[in-house]
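Observations on the model geometry
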Amino acid sequence: MAAHDASGAPAWVEPMLAKPDGGRLRSGAEWAYEYKLDGYRAAMRIAPDGTTVLTSRNNIDFTAEFAGLAGVLAPALDGQAAYLDGEVVVYGEDGRIDFELMQERRGRWVRHQSAPKTVKFDDVPVRFLAFDLLRLGDRDLLKEPYDERRRLLAGLPMPDPYRVSVVRAVTFDELAADRRTPADFLAHAASAGYEGVVAKLRSSAYVPGQRPDSWLKHPLIRTQEVIVCGWRPGQRSFTGTLGGLLLGAHDPVTGDLVYIGDVGTGFSQAARADLRDRLQRLERRAHPFVTTPPREDTVRARWVEPRLVGEIVYRQFTRAGRVRHTAWRGLRADKEPGDVLAPRAGPPEPAAPPRPEPAGQKITVQAGNRQLTLSNLDKVLYPADGFTKGEVINYYSRIAAVLLPHLAGRPVTFIRYPNGVGGEKWFEKNVPNGAPSWLRTVRLPSTGSRGSGDTIDYPLLDDLPALVWSANMAALELHVPQWTVEAEVRQPPDRLVFDLDPGPGTSVVDCARVAERLHDVLVADGLTPYAKTSGSKGMQLYCGIRTSDPAAPSAYAKKLAQQLARETPDSVTAVMAKAQRAGRVFIDWSQNNPAKTTIAPYSLRGRDRPTVSTPVTWDEVRACRHVNHLTFTADEVLDRVDEHGDLLAGLDESRAPLP
């Protein structure tokens, strides 16, 4: 860990991350437990002179946004430097952490951050909750065990605990001494409104940027009974069936039937058809609620008599009375509509563990002109969001119309996550055993065989059934080359790509600035650049090209990358070596090598959340000032496509000779 940055504060370290525990909270004397917080991950870095720098998990400067936290600890440190890892949170009036309030605060900050005077947020105070200590004075603590880091953290004086304090941690032995278990601690976390529990190995070091088995997170799942009060017909691949449900419940105080939101994911194809048939028999002309729902929520709504009760999974019930991040679990024939009460804003009461789903459950669906057998649709592949395999298939089915043209004729390399993004993953080029006989494939020489004569049978995903088949294998990421095949012959490259990869200390915001410069150079050279996010940390630029030389795109891209690196060596590098990337954006020109692939437009990524490699407008690139401005999840991308269509639609039509 480098000693200091320009401010004199300890240099930023990429944070260590927690891995999902697969639903099994670890137990034993080697473990300690902390509450999982619902805020913004942040580092508090304090210089010997008291200068305090707050940075996000992506090294975005938070200091001005959370100015009230600066300098709080400095008087107690006696001239020592310190580096605290933790979370910035906001508390609601009920004394519980309230992420919705934090989001409202952040929205105001984004709207006003360009104002000449610092915006005041006295009405929404923030608190920094520290859970790790990475440096104290001249002592680097990264290699020290968790127990020692926590001992030193707990020993730090906290002059103003309303603004900076330490997250409570308890060991297995301490719980046992109180005749309690980790499950009891989890139940308390639920009742106190925390997101969950993180189990940490007491002997473990701090591993920057890694997600090892020594930190394991156990999120809490909330379920809610709901009354089905309406439905929306499906669109695109769900035309002719059910798209989503409009939900109600009775106000616990007045008993009135109130609108509480909607749900559009978690359905099997059979469930969609069954619900549509049931609901068509219950239709009525007007909504059944005591007050009219918001107009934007009721577009294309068809109302029904409020007789059917179902159950959803959700992550939050807002103060406005809406369930958020919902997924359907099924009808509840054992419940009456009169028994269904709306939840209260904030966390639910402690509940029994969620019911296990039937293992290996399979259903048969119609995808285009093929019947496919899908399995384990309720298996959670993105534990942080509860995003299931069924939702992955739903996303790829709905995005197919704009995704498939970017896959057409291009051999696909999968990255599969059969046990979710926290589990083992692997690259797969060859068509796996058991692939359907109708799947189109292409046999090509292996680029890594060095003349050995090896070949690879690549899948070609050129229709909806093939795309659904790949999603059912948990092939979350789809990677393709910049060339196509015709009659099993590789064609010359038709796309030029620049992969902008932010090094340590930079983010997609810095990539956007480099993208603007590349845009101007490419336009001057007669090309038409298009931009998309990588869905991870960076972004890519594409141009449609015409060339007969497979090596020409790499040579041209390398020349431009080196030109920008010469002009601004402090912020851009064209060198692949990781040692050259700190504080710089790496322009990866080598993605144009015919042997390499790039994440496909509209592909999901195997990250914490179901983020997507998303086409964006140049106005969005120029306006980007925060990581959130160019980060999009699956649901957001579907909404964007509804509004904008395919922002890369002109890529092939704009092909021009490669300069």
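Rules of the game
Numbering of residues starts from 1 in each chain and follows the order in which that chain's sequence is written. Reporting in this predicted model follows two pLDDT cut-offs: at least 70 for local features of residues, and 80 or more for side-chain atom pairs to be given and counted; totals over whole chains, interfaces and linings ignore these cut-offs and use all residues. To obtain the side-chain values, all non-hydrogen atoms of the structure were used and water was disregarded. What counts as a helix is a DSSP run of H or I of at least four residues, what counts as a strand is a run of E of at least two, and both are numbered from the N terminus. Throughout, radius of gyration means the C-alpha value; the globule benchmark is 2.2 Å times the number of residues raised to the power 0.38. The buried label goes to any residue with under 20% of its type's maximum accessible area, the exposed label to any with over 50%, and the partly exposed label to all in between, with areas taken from a 1.4 Å probe on protein chains only. Contact between two residues is taken to exist if any of their heavy atoms lie within 4.5 Å; hydrogens are not considered. The Shrake-Rupley method, run with a 1.4 Å probe sphere, supplies the accessible areas, and residue values consider only the shown protein chains as cover. Only four residue types enter the tally: Lys and Arg on the positive side, Asp and Glu on the negative side, with His and both chain ends excluded. Charge placement uses NZ in Lys and CZ in Arg. For Asp and Glu, CG and CD serve respectively. One requirement defines pairing of two strands: DSSP has to find at least two bridges between them. Take a side-chain nitrogen of Lys or Arg and a carboxyl oxygen of Asp or Glu: if they are within 4 Å of each other, that pair is a salt bridge. Axis definition: a line fitted to C-alpha atoms, limited for helices to the stretch in contact. Angles are taken between N-to-C directions and run from 0 to 180 degrees. Geometric relationships in this document are graded by angle, where less than 35 degrees denotes roughly parallel, more than 145 denotes roughly antiparallel, 65 to 115 denotes roughly perpendicular, and other angles denote oblique. Throughout, a crossing is termed right-handed when the near helix is turned clockwise from the far one, and left-handed when it is turned anticlockwise from it by less than a right angle. We call Asp, Glu, Lys and Arg charged. Ala, Val, Leu, Ile, Met, Phe, Trp, Tyr, Cys and Pro are nonpolar, and the rest, Gly among them, are polar. Take the residue count of a helix, subtract one, and multiply by 1.5 Å to get its expected span. The arc in question is the one traced by the directions running from the helix axis out to the C-beta atoms. For this analysis, a ring pair means two rings from Phe, Tyr or Trp (six-membered ring only for Trp) whose centres lie within 6.5 Å, classed as stacked if their planes differ by under 30 degrees, edge-to-face if by over 60, and tilted for the remaining angles. Whether a charge lies above a ring is judged from NZ of Lys or CZ of Arg, which has to be within 6 Å of the ring centre and within 35 degrees of the ring normal.

The helix and strand inventory of the chain stands at eleven helices and 37 strands. In terms of overall size, the chain behaves like a compact globule, its C-alpha atoms giving a radius of gyration of 26 Å where 659 residues would be expected to give roughly 26 Å. Seen through its C-alpha atoms, the chain measures out along the principal axes to roughly 70 × 70 × 50 Å. For the chain, the proportion of its 659 residues judged to be buried stands at 52%. Pairs at least 24 residues apart make up 68% of the contacts formed inside the chain by residues separated by at least 6 positions. Total accessible area on the chain stands at roughly 29,100 Å², and carbon and sulfur atoms take up 49% of it. Of the charged side chains in the chain, 84 are positive and 82 negative; the average position of the first set lies 2 Å away from that of the second.

A few words now on the pairing of strand E2 (residues 31-36). Where burial is concerned, most of E2 is hidden: six out of the six residues are buried. Note: E2 against strand E10 (residues 196-201), six bridges, orientation antiparallel. Note that in E10 the partner of Trp31 across the bridge is Leu201. Note: E2 against strand E9 (residues 169-171), three bridges, orientation antiparallel. Within E9, the residue paired with Tyr33 across the bridge is Val170.

Take the pattern of salt bridges next. Per the stated rule, a full pass over the model turns up 33 salt bridges. A salt bridge links Glu567 to Arg517, with the shortest nitrogen-to-oxygen separation between them at 3.0 Å. Residue Glu567 is located in helix H9 (residues 552-567), and its partner Arg517 is located in helix H8 (residues 508-524); the two are separated by 50 residues in the primary sequence. Under the relative-accessibility criterion, Glu567 is labelled partly exposed at 49%. Where salt bridges share partners, they join Arg410, Asp494, Arg495, Asp652 and Arg655 into one cluster.

The pairing of strands in a sheet comes from backbone hydrogen bonds and takes either a parallel or an antiparallel form. Spatial strand order, E1-E11-E10-E2-E9: five strands in an open sheet with mixed pairing. Edge positions in the sheet fall to strand E1 (19-20) and E9, since each of these pairs with one other strand and no more. Both E10 and strand E11 (residues 215-219) contribute to a ladder of five bridges, which runs antiparallel. Within E11, the residue paired with Gly196 across the bridge is Pro219. Set on the sheet, helix H2 (residues 146-154) makes contact with E2, E9, E10 and E11; between it and E2 the angle comes to about 55°. Strands in contact with helix H4 (residues 182-192) are E2, E9, E10 and E11; relative to E2, the strand with the most contacts, it is inclined by about 10°.

The next subject is the sheet that holds strand E24 (residues 426-428). Strand order in the open sheet made by the four strands is E24-E23-E27-E35, with antiparallel pairing throughout. Edge strands, defined here as strands with exactly one partner in the open sheet, are E24 and strand E35 (598-599). Sheet topology note: the strand E23 (residues 413-416)/E24 ladder contains three bridges and is antiparallel. Bridging from a neighbouring strand, Phe414 pairs with Glu428 of E24. Docked against the sheet, helix H7 (residues 464-472) engages E23 and strand E27 (475-480), running at close to 125° with respect to E27.

For the pair helix H6 (residues 389-407) and H7, the least separation of the axes is 9 Å and the interaxial angle reads 140°. Regarding the angle of H6 to H7, the classification is oblique. Remark: the crossing between H6 and H7 carries right-handed chirality. Side by side, H6 and H7 meet where Lys389, Val392, Ile393, Tyr396, Ser397, Ala400, Leu403, Leu404 and Leu407 of the first sit next to Leu464, Leu467, Val468, Ala471 and Asn472 of the second. Split into classes, the residues belonging to the contact of H6 with H7 amount to eleven nonpolar, two polar and one charged.

Between its terminal C-alpha atoms helix H5 (residues 269-280) stretches 17 Å, which fits the 16 Å expected from twelve residues at 1.5 Å a residue. Among the residues making up H5, those that are buried are Arg272, Leu275 and Leu279. Projected down its long axis, H5 shows its buried positions confined to an angular sector of 70°, all on one face.

Another point: unusual backbone geometry. Here the phi dihedral of Asp78 falls at roughly 55°; this positive angle occurs in a residue that is not glycine. The residue Asp78 is located in the loop between strand E4 (52-56) and strand E5 (82-90) in this model. Judged by its relative accessible area of 73%, Asp78 falls in the exposed class. The backbone of Tyr602 sits at a positive phi, close to 75°, despite the residue not being glycine. Relative to the helices and strands, Tyr602 resides in the loop between E35 and strand E36 (615-616).

Here the focus is helix H11 (residues 634-644). Burial in H11 covers these residues: Ala634, Val637, Leu638, Arg640 and Val641. Looking straight down H11, one finds that the buried residues subtend no more than 160° of arc, so they occupy a single side. Looking at H11, the residues exposed on the side facing more than 90 degrees away from the buried face are Asp639 and Glu643. For H11, the secondary structure elements touched by its buried residues are strand E22 (387-388), H6, E36 and helix H10 (618-623).

Turning our eyes to something else, we now look at the packing of aromatic side chains. Here the distance between the centres and the angle between the planes together describe a pair of aromatic rings. Tallied over the full model, the rule gives twelve aromatic pairs. Where Tyr35 meets Tyr194, the ring centres are 4.0 Å apart and the plane angle is 5°; that geometry is what we call stacked. Note that Tyr35 is positioned in strand E2 and Tyr194 in the loop between H4 and E10, a separation of 159 residues in sequence. Across the pair, exposure class does not vary: Tyr35 and Tyr194 are buried alike. Each ring, one from Tyr382 and one from Phe387, has its centre 5.8 Å from the other, and the planes form 75°; the classification is edge-to-face. Site record: aromatic cluster; members linked through ring pairs are Tyr33, Tyr35, Phe185 and Tyr194. One residue, Lys200, lies across the ring of Trp215, its end atom 3.7 Å from the ring centre. Geometry around Trp483 places Arg490 over its ring, the cationic atom sitting 5.0 Å from the centre.

Scope: geometric values only; no functional claims are made or implied.
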